[in-house]
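# Close look at the chain arrangement
Single-letter residue listing:
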Amino acid sequence: MKLDRIVLRHLQMPLVHFFETSFSRTYSRHIVIVEAVSDGLSGWGEITAGENPFYNEEWTESAWMIARDYVAPRLVNRELASASDVDPLTRHIRGHNMARGGVEAAVWDLQARQNGNPLWKEIGGGARKEIPCGVSIGIQDTVEQLLGKIEQELADGYQRIKMKIKPGWDIDVIRQVRERFPTIRLMADANSAYTLADADRLKQLDDFYLMMIEQPLAHDDIIDHAALQPQLATPVCLDECIRSAHHAEQAIRLKAGRIVNIKLGRVGGFAEAKRVHDVCEAASVPVWCGGMLEAGIGRAHNIALATLPNFTLPGDVSASKRYWKQDIIVPPVETTAQGTIVVRDEPGLGYELDRDFMDHITFRTETVS
Ligand code: OSB
Ligand code: MG
């Protein structure tokens, strides 16, 4: 395949409800959408960088520049044997995995459409026809608001609740959640808000039989997590610090955690996400699919990814309406009463794009040809 051009589109999309993590509160997303065009057919990707370099080093603006100046020029007008070529052609770019991964995913979608295959089939997935779903609930202004949100999500059928924590919004809040919901599948995500000096505080979490605590320590740390895990009964799940299959191997070797959250963007695309998946599977470490408040394109890619066999735990991929009044795909992502998403069989990412709506919310466009 030969790419005629790569089109970048910067969309602005207000969230239906702000989303707060230990590092910031987001009201509105600035999302870079990638269109890879070959022979009149388009494949679509979404760069999952946030609005600020607080989750990792990337943000909308850096992603735009890296995709435009480094990733796209290495791919356009070059003969690619398959979408698998994108990863080796861009791997020497240090960091910026989300920018690389968003473009890579667009080429996978394009290849799937060329072959008339659903994306899940093209990437070697298909272990399940329904994806088990959980929700990630941000830090709220009051505990009452959090309890109300959890009640709503459980009523909608979601299979597990993840709550964001940070120092000052942790033990006491989780205790109240547990008192109100003693038997739900519950976990907490700290987004690197603690250090090893907080080990005694984190040990208190063991009272609440959480499924896991996600990324308690530094975003780039594996070694301290390895010191923390044996002190906790609660399994540690690694998110930020696993940026490659090599990191997954090292974390497993050091026993830094027992579960891995895989995010397509964080690891640089489908090729590396599959390698992370395989490394974890070989070590009997279960994985689940994380989220980055994606619009529909990224959401659809996550669904395809979560059909790989070792995605056995409910992930953070949930219905479009939890984030958007209107999504950029038709139909929007919807969940069943059992808290699952039914995987679609249409070619490519499986949903139609609402191009008029995308045009309406487009902030800027640039084409590399
Ligand atoms: O750590 O998983 C995270 C959102 C933004 C940045 C980091 C994270 C998250 C989420 C939300 O937890 C997942 C989602 O609902 O898309
Ligand atoms: Mg996380």
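Residues numbered from 1 in each chain as written. Chains lettered and ligands numbered in written order. Predicted model: local features only at pLDDT ≥ 70, side-chain atom pairs only at ≥ 80, totals over all residues. Heavy atoms only, no water.

## Side note on the packing of helix α1 (residues 60-71) against helix α3 (residues 97-115)
Relative to each other, α1 and α3 sit at 60°, their axes nearing to 8 Å. The angle between α1 and α3 falls in the class oblique. In this structure, α1 crosses over α3, and the sense of that crossing is right-handed. Side by side, α1 and α3 meet where Ala63, Ile66, Ala67 and Val71 of the first sit next to Ala99, Arg100 and Val103 of the second. Classifying every residue of the contact of α1 with α3 gives six nonpolar, no polar and one charged. (Axes fitted to C-alpha atoms, helices over the stretch in contact; angles between N-to-C directions. Helix = DSSP H or I, 4+ residues; strand = E, 2+ residues; numbered from the N terminus. Parallel < 35°, antiparallel > 145°, perpendicular 65-115°, else oblique. Left-handed = near helix turned anticlockwise from the far one by under 90°. Contact = heavy atoms within 4.5 Å. Nonpolar A, V, L, I, M, F, W, Y, C, P; charged D, E, K, R; others polar.)

## Regarding the coordination of the magnesium ion (ligand 2)
In this structure, Asp189 (OD), Glu214 (OE) and Asp239 (OD) serve as the protein donors to the magnesium ion (ligand 2), at separations of 2.1 to 2.3 Å. Within one chain, the residues serving as donors to the magnesium ion (ligand 2) are arranged as D-x24-E-x24-D. With Asp189 in strand β7 (residues 186-189) and Asp239 in the loop between β9 (236-238) and α9 (245-254), the pair connects residues that are 50 residues apart, well separated along the chain. Among the residues examined, Asp239 registers a relative accessible area of 0% and is labelled buried. (Donors = N, O, S within 2.8 Å, 3.2 Å for Na, K, Ca; no water. Buried < 20%, exposed > 50% of the residue type's maximum accessible area, 1.4 Å probe, protein only.)

## Focus: the pairing of strand β3 (residues 41-47)
By the criterion of burial, β3 is predominantly enclosed, with six of the seven residues buried. Both strand β2 (residues 25-38) and β3 contribute to a ladder of seven bridges, which runs antiparallel. The partner of Ile33 across the bridge, within β3, is Glu46. Hairpin connection between β2 and β3: a loop of two residues separates the two successive antiparallel strands, and Asp39 in this loop has a positive phi of roughly 50°. (Pairing = 2+ DSSP bridges.)

## Considering the domain arrangement of the protein
Split by domain assignment, the protein resolves into domain 1 (5-116 + 355-368) and domain 2 (122-342). Here the C-alpha centroids of domain 1 and domain 2 sit 23 Å apart. The partner domain 2 presents 45 residues to the 39 residues of domain 1 that form the contact. At the boundary of domain 1 with domain 2, total buried surface from both sides reaches about 3,500 Å², with 60% on carbon and sulfur atoms. Considering only the side of domain 1, the residues that lose the most area to domain 2 are Phe19, Ser22 and Tyr55, jointly responsible for 19% of the buried surface there. On inspection of domain 1 and its partner domain 2, the count reaches five salt bridges. Two residues, Asp141 and Arg25, come together in a salt bridge whose shortest N-O distance is 2.7 Å. Inspection of the domain 1/domain 2 interface yields 24 residue pairs in polar contact (both at pLDDT 80 or more). Of all the secondary-structure elements, those providing two or more residues to the side of domain 1 that touches domain 2 are β1 (5-20), β2, β3, α3 and α13 (355-360). For the side of domain 1 that touches domain 2, the element with the highest residue contribution is α3, accounting for eleven residues. A class-by-class count of the residues in the side of domain 1 that touches domain 2 yields 19 nonpolar, ten polar and ten charged. (Domains from an automatic or database assignment. Buried area = accessible area lost by both parts, 1.4 Å probe. Salt bridge = Lys/Arg side-chain N within 4 Å of Asp/Glu carboxyl O. Polar contact = N/O pair within 3.5 Å; in protein donor to acceptor, adjacent residues only side chain to side chain.)

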